[in-house]
Amino acid sequence: PQMRPQDILHRFRLANAFLLLGGMVVTFIAAEFIYRLYFRHSTSFSYHVYDRVIYDFDSTVGYRYTPNTTFVTLSVWNGVPVRYKELEIGAYGNAGNSVTSWSDDDIKILVVGDSFTSNPNSHYSWADHIAEPLSSFFRKKVQVMNLARTAFGVLQMVSLASQTVQRMNVDIILVALIVDDLDRARTWRAHMDIDGAARVFMTVQQSRAPDPELRQDAALVDPRITWEWCKHVVDGKLSTDPLLLSINNRYKDLMSENFKATYLWGATSLLYNRIRHGDPLWNLRKLPSVPQVSYSDFRHDSTFVRDLSKLLAGPTPVFFFLLPTYYDLEAGRNKFTSLQKQSLYNSLMKLTDDRVISLIDSMRTIAKPFDRYFLLPDDTHPSEVGAKAYADGIVKVVQHSR
């Protein structure tokens with residue numbers, strides 16, 4: 001029988017729908033394949049390696065930098081050595097300055113934060129640039145102790161500050177966070193020797209010897225690297241140096257241990273994870289790269305509320321600073337990348353009586369391009385120029401408060 005015009009139109013629309021759907025599927029598969037190739041290239045052999053372990057397990061606050069330690073660090077990006085430095089950790093586990101003791105006559109400033117403030121792989125920290133202008137302002141010697149820690153969130157910053165002021169006389173406390181610190185869970189770092197090699201693990205287990213399924217490598221340690229060798233490979237951009245290739249292979253082996261399965265060619269879509277969760281390896285690691293809290297209000301964490309209450313009830317002035325990252329500066333606002341982060345920020349403001357000071361407004365006036373304020377393209381932590389820019393904003397707030 002002859003088909004009616006409406007039947008022909010219906011079949012035509014159905015065929016178009018199937019073609020469109022099929023095209024979308026093919027496009028997504030092609031995009032996934034291209035993204036995996038890009039991801040494999042962009043993430044291959046990008047890491048930091050130290051010549052020794054610089055972390056000490058601490059059951060209460062997570063970990064501390066090993067006091068009185070000098071170490072060499074090398075940054076590798078896409079297999080190319082890009083930066084090296086010899087750094088020191090002070091007597092209190094403090095990074096980046098020469099404070100060995102505090103005199104009662106000094107104005108003593110305690111700084112806590114995350115790697116944006118400790119910056120252990122290059123150590124360009126704003127905390128190194130506030131003592132001189134504040135000494136001139138107060139007409140009294142100012143000494144700054146930087147106890148910031150890599151991967152610390154607000155929970156551990158407040159805990160560390162609360163404990164430190166119970167042991168030391170402090171005149172001013174500066175708590176510096178970025179948006180990503182809001183939802184970070186408490187973690188610990190443990191040093192273990194496995195098969196004759198030093199390993200440093202990040203773990204959610206409060207233990208010096210965490211279970212394999214509850215730990216992942218937090219740092220790469222290789223005692224074979226020296227300052228002279230680092231200078232040689234960085235200056236020459238020697239990506240095929242035998243020792244570097246050996247370290248690359250070790251990094252690759254450790255990476256594979258930290259995942260549930262082969263992540264590059266597994267069934268999970270890396271592109272979907274990137275779009276949906278902001279992390280292509282979401283739920284593929286044994287642990288998230290930075291474990292997160294499950295709640296959206298700090299009042300649900302009784303330990304945090306207790307530590308914060310002690311800190312705010314004491315006689316020492318406490319300043320909370322929200323530091324803008326490169327991406328915040330580019331956007332011209334603090335980018336809360338999830339509703340959870342926004343809710344946690346709001347609850348922190350309530351618990352601190354709106355004491356959290358955002359530096360985004362004062363830093364909008366710094367000259368573009370913003371790249372020079374950071375260690376881009378391989379690292380989004382502050383450069384020396386950036387550290388000074390953050391310091392200027394923080395100094396102005398402290399001066400104004402007095």
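Up top you'll find the structure we're talking about.
What you see as residue numbers is a count from 1 along each chain, following the sequence as written. Since the coordinates come from a predicted model, pLDDT governs what is reported: local features require at least 70, and pairs of side-chain atoms require 80 or more to be given and counted, while whole-chain, interface and lining totals use all residues. Neither water nor hydrogens contribute to the side-chain values; these are computed over all heavy atoms in the structure.

Further remarks concern the packing of aromatic side chains. The criterion for an aromatic pair is that two Phe, Tyr or Trp rings (for Trp, the six-membered ring) have centres within 6.5 Å, with stacked assigned to planes under 30 degrees apart, edge-to-face to planes over 60 apart and tilted to the rest. Taken as a whole and assessed by the stated rule, the structure comprises 17 aromatic pairs. Their ring planes at 40 degrees and their centres at 5.8 Å tell us that Tyr55 and Tyr65 sit as a pair that is tilted. Of this pair, Tyr55 sits in strand β2 (residues 55-58) while Tyr65 sits in strand β3 (residues 62-65), placing them 10 residues apart in sequence. Any residue under 20% of the maximum accessible area for its type is buried, any over 50% is exposed, and the rest in between are partly exposed; the area is computed with a 1.4 Å probe on protein chains only. With relative accessibility at 2%, the residue Tyr65 sits in the buried group. Here the aromatic rings of Phe137 and Phe138 are separated by 5.1 Å at their centres, their planes lie at 75 degrees, and the arrangement is edge-to-face. The exposure class of Phe138 is buried, given its relative accessible area of 19%. Chaining the aromatic ring pairs together yields one cluster made of Tyr50, Tyr55, Tyr63, Tyr65, Phe71 and Phe152. Our definition puts a charge over a ring when NZ of Lys or CZ of Arg is within 6 Å of the ring centre and also within 35 degrees of the ring normal. One cation-aromatic arrangement involves Arg189 over Tyr55; the distance from NZ or CZ to the ring centre is 4.9 Å. Positioned above the aromatic ring of Phe201 is the side chain of Arg215, whose terminal nitrogen or guanidinium carbon lies 4.4 Å from the ring centre. Helix and strand definitions follow DSSP, with helices as H or I runs of at least four residues and strands as E runs of at least two, each counted in order from the N terminus.

Only one rule defines a salt bridge in this text: a Lys or Arg side-chain nitrogen within 4 Å of an Asp or Glu carboxyl oxygen. Applying the stated rule across the entire model yields 13 salt bridges. Here Arg52 and Asp51 are joined by a salt bridge, their closest N and O atoms 3.3 Å apart. A salt bridge links Arg83 to Asp378, with the shortest nitrogen-to-oxygen separation between them at 3.0 Å. With Arg83 in strand β5 (residues 80-89) and Asp378 in the loop between α11 (360-363) and α12 (384-401), the pair connects residues that are 295 residues apart, well separated along the chain. Exposure remark for Arg83: the relative accessible area of 17% places this residue in the buried category. What makes Asp378 partly exposed here is its relative accessible area of 23%.

Another point: the sheet that holds strand β11 (residues 215-221). Any two strands are treated as partners once DSSP identifies two or more bridges connecting them. Strand order across the open sheet formed by six strands is β5-β4-β1-β11-β10-β9, with mixed pairing between neighbours. Looking at which strands have only one partner, the edges of the open sheet turn out to be β5 and β9 (188-194). For this sheet, the mean inter-axis angle between neighbouring strands, taken without regard to orientation, is 35 degrees. Relative to β11, strand β1 (residues 47-50) is paired through two bridges, and the arrangement is parallel. Within β11, the position partnered with Val49 by the bridge is Leu220. Axis definition: a line fitted to C-alpha atoms, limited for helices to the stretch in contact. Angles are taken between N-to-C directions and run from 0 to 180 degrees.

Every buried residue of helix α7 (residues 270-277) is accounted for by Leu270, Leu271 and Asn273. The arc that holds every buried residue of α7, seen down its axis, measures 165 degrees, which confines them to one face. Residues of α7 that are exposed and point over 90 degrees away from its buried face: Ile275 and Arg276. Two N or O atoms count as a polar contact when they lie within 3.5 Å, although within protein this holds only if one can serve as hydrogen donor and the other as acceptor, and sequence-adjacent residues are included solely when both atoms are side-chain atoms. Its side-chain oxygen 3.5 Å from the backbone nitrogen of Leu271, Ser269 forms the N-cap of α7. Downstream of α7 by a residue or two, Gly278 has a phi angle that is positive, lying close to 75 degrees. This arc corresponds to the set of directions leading from the helix axis out to the C-beta atoms.

Here we take up the nonpolar core. If you look at the biggest cluster of nonpolar residues, it comprises 49 residues, and the most contacted ones within it are Leu182 and Phe298. No other element matches the six residues that helix α4 (residues 154-167) contributes to this core. Leaving out residues up to four positions away in the same chain, Phe298 has contacts with Val154, Leu155, Leu182, Phe304, Val305, Leu344, Ser347, Leu348 and Leu351. Note on terminology: a nonpolar core comprises buried Ala, Val, Leu, Ile, Met, Phe, Trp, Tyr and Cys residues joined through side-chain atoms within 4.5 Å. Grouped together as the second largest cluster of nonpolar side chains are 34 residues, Ile130, Val142, Leu174 and Val397 included. Working rule for contacts: check all heavy atoms of both residues, and any pair within 4.5 Å makes them a contact.

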